[in-house]
Amino acid sequence: MSGRKETVLDLAKFVDKGVQVKLTGGRQVTGTLKGYDQLLNLVLDEAIEFLRDPDDPLKTTDQTRRLGLVVCRGTAVMLVSPTDGTDEIANPFTQPEGA
């Protein structure tokens, strides 16, 4: 076994592509991945934060805030996914209103 650490997540294929990042505390940011390190610190360019609903902090709204160039600390990163090829669907496990 070599002394070199390998990351579980290979982010090299996402560099210079759009990614969506979910952070602890409920924040959600999209942007272009410009760099990362072995601690999962991410550098995003043209980042946009999706603001949360004041009544329900677990839900995001359609309101956004432009952040520009940001560094996401690796300890706060919960999810990294590409923006291309993903679609948002309705939650199949929620009960319809009035049922």
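Reading the values: the criteria
Each residue is numbered by its place in its chain's sequence as written, counting from 1. Local features are withheld for residues below a pLDDT of 70 in this predicted model, meaning they are given only at 70 or higher, and side-chain atom pairs are given and counted only at 80 or more; totals for whole chains, interfaces and linings count all residues. Only hydrogens and water are set aside; all other atoms, that is, all heavy atoms of the structure, feed into the side-chain values. Every definition here rests on a 1 Å grid over the protein atoms only: cavities are sets of points where a 1.4 Å probe fits but cannot get out, pockets are open sets enclosed by protein on both sides within 12 Å along at least five of seven lines, and lining residues have some atom within 4 Å of a point. Grid points are joined across faces, edges and corners, and a volume is the space filled by probe spheres set on the points. Helix and strand labels come from DSSP, where a helix needs a run of H or I of at least four residues and a strand needs a run of E of at least two; each type is numbered from the N terminus. Residues are grouped as follows: nonpolar covers Ala, Val, Leu, Ile, Met, Phe, Trp, Tyr, Cys and Pro; charged covers Asp, Glu, Lys and Arg; every other residue, Gly included, is treated as polar. In plain words, nonpolar cores are sets of buried Ala, Val, Leu, Ile, Met, Phe, Trp, Tyr and Cys residues tied together by side-chain atoms within 4.5 Å. Each residue is placed in one exposure class: buried if its accessible area under a 1.4 Å probe, protein chains only, is under 20% of its type's maximum, exposed if it is over 50%, and partly exposed if it falls in between. We call two residues contacting when some pair of their heavy atoms lies within 4.5 Å. DSSP calls a pair of strands paired once it identifies at least 2 bridges connecting them. Axis definition: a line fitted to C-alpha atoms, over the contacting stretch in the case of helices. Angles run 0 to 180 degrees between N-to-C directions.

Caption draft 1: Inspection of the layout of surface pockets at higher detail. Approximately 740 Å³ is the volume found for the largest pocket. Considering the residues around the largest pocket, the lining is formed by 26 residues, among which Gln20, Lys22, Gln28, Thr60 and Glu88 are closest to the centre. Mapped onto the lining of the largest pocket, the elements with two or more residues apiece are β1 (18-23), β2 (28-36), β3 (42-52), β4 (60-72) and β5 (77-82). Sort the elements by how many residues they give to the lining of the largest pocket and β5 lands first, with 4 residues. For the lining of the largest pocket, the per-class residue count stands at 8 nonpolar, 11 polar and 7 charged.

Caption draft 2: Seen up close, the nonpolar core. Val19, Val21, Leu33, Leu42, Leu44, Cys72 and Val77 are the most contacted members of the largest nonpolar core, which has 14 residues in total. Secondary-structure elements contributing two or more residues to this core are β1, β2, β3, β4 and β5. With near-sequence residues (within four places) excluded, Leu33 lies in contact with Leu11, Phe14, Val15, Asp16, Lys17, Val19, Leu42, Val43 and Leu44.

Caption draft 3: Layout of the sheet that holds β3. Strand order in the open sheet formed by 5 strands is β4-β3-β2-β1-β5, and the pairing between neighbours is antiparallel. Of all strands in the sheet, those with a lone pairing partner are β4 and β5, marking the two edges. Neighbour-to-neighbour, the strand axes of this sheet turn through a mean angle of 30 degrees, independent of strand direction.

Caption draft 4: Spatial organisation of the pairing of β2. Burial analysis of β2 places 7 of its 9 residues in the buried class, the great majority of the element. Pairing geometry for β1 and β2, over 5 bridges, is antiparallel. Across the sheet, residue Gly18 finds its bridge partner in β2, namely Thr32. Between β1 and β2, which follow one another and run antiparallel, lie 4 residues, and Gly25 among them has a positive phi close to 95 degrees. The sheet contact formed by β2 and β3 spans 7 bridges and is antiparallel. Residue pairing for β3: Gln28 is matched across the bridge by Phe50.

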